[in-house]
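# Remarks on the overall topology
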Amino acid sequence: MAHQIRLDLDDEAAARLAALAERAHAQQDDLAVTLLSEALAQIEREPVDMASVLDRVPGSWERMRLGREQAGRGETIGLNEL
């Protein structure tokens, strides 16, 4: 069963994905799915400290804090409502 997620990339990451897709003669969406799936599989095969991986994601702390603030204000949607 396939699951759909929404992934927003900043301009720089989107440009890198577009360039990779062009070189691979692949659709960007297909390449993104493949890259994410492989990254998840690699993490499963070779466990690493996930906190250190997430710490390297630009803006991750700011987005986490924003999410907590929004949740505190009740500005969230339950998973069953998506």
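As a starting point, this report considers the structure included with it. (Residues numbered from 1 in each chain as written. Predicted model: local features only at pLDDT ≥ 70, side-chain atom pairs only at ≥ 80, totals over all residues. Heavy atoms only, no water.)

## Observations concerning the overall build of the protein chain
When helices and strands are tallied, the protein chain shows four helices and zero strands. Taking 82 residues into account, the globule formula puts the C-alpha radius of gyration at 12 Å, and the protein chain, at 16 Å, lies well above it. Projected onto the principal axes, the alpha-carbon positions of the protein chain cover approximately 45 × 30 × 30 Å. For the protein chain, the accessible surface area stands at approximately 7600 Å², while carbon and sulfur atoms represent 55% of it. (Helix = DSSP H or I, 4+ residues; strand = E, 2+ residues; numbered from the N terminus. Rg over C-alpha atoms; globule rule 2.2 N^0.38 Å. Areas by Shrake-Rupley, 256 points an atom, 1.4 Å probe, with all protein chains shown as cover.)

## Thoughts on a nonpolar patch on the surface
Taken together, the side chains of Ile5, Leu36 and Leu40 make up a nonpolar region of the molecular surface, amounting to roughly 300 Å² of accessible area. Within the fold, Leu40 resides in helix H2 (residues 28-45). (Patch = residues over 30% accessible without salt bridge, like charges linked within 9 Å, V, L, I, M, F, W, Y side chains within 5 Å. Salt bridge = Lys/Arg side-chain N within 4 Å of Asp/Glu carboxyl O.)

## Side note on helix H1 (residues 11-24)
Over its 14 residues, H1 extends 20 Å from the first C-alpha to the last, a length consistent with the 20 Å expected when each residue adds 1.5 Å. Buried within H1 we find Ala13, Leu17 and Ala21. Across the axial projection of H1, the buried residues extend over an arc of 70°, all falling on one side. With respect to the buried face of H1, the exposed residues turned more than 90 degrees away are Asp11, Glu12, Glu22 and Arg23. As for H1, its buried residues are in contact with H2. Backbone geometry just downstream of H1 places His25 in the positive-phi region, at approximately 55°. (Expected span 1.5 Å × (residues − 1). Buried < 20%, exposed > 50% of the residue type's maximum accessible area, 1.4 Å probe, protein only. Arc of directions from axis to C-beta. Contact = heavy atoms within 4.5 Å.)

## Some words on the packing of H1 against H2
At a minimum axis separation of 9 Å, H1 and H2 run at an interaxial angle of 100°. Comparing their axes, H2 and H1 come out roughly perpendicular. For the pair formed by H1 and H2, the contact residues are Leu17, Ala18, Leu20 and Ala21 on the first element and Gln28, Leu31, Ala32 and Leu35 on the second. Per-class residue counts for the contact of H1 with H2 are seven nonpolar, one polar and no charged. (Axes fitted to C-alpha atoms, helices over the stretch in contact; angles between N-to-C directions. Parallel < 35°, antiparallel > 145°, perpendicular 65-115°, else oblique. Nonpolar A, V, L, I, M, F, W, Y, C, P; charged D, E, K, R; others polar.)

## A closer look at the pattern of salt bridges
On inspection of all chains with the given rule, the structure shows three salt bridges. Between Glu12 and Arg16 there is a salt bridge, with its nearest N and O atoms 3.0 Å apart. Here Arg16 and Glu12 lie together in helix H1, a separation of four residues that amounts to about one turn. By relative accessible area, Glu12 is classed as exposed at 55%. Across the pair Arg73 and Glu75 runs a salt bridge whose closest N-O atoms are separated by 3.0 Å. Given a relative accessible area of 46%, Glu75 falls into the partly exposed group.

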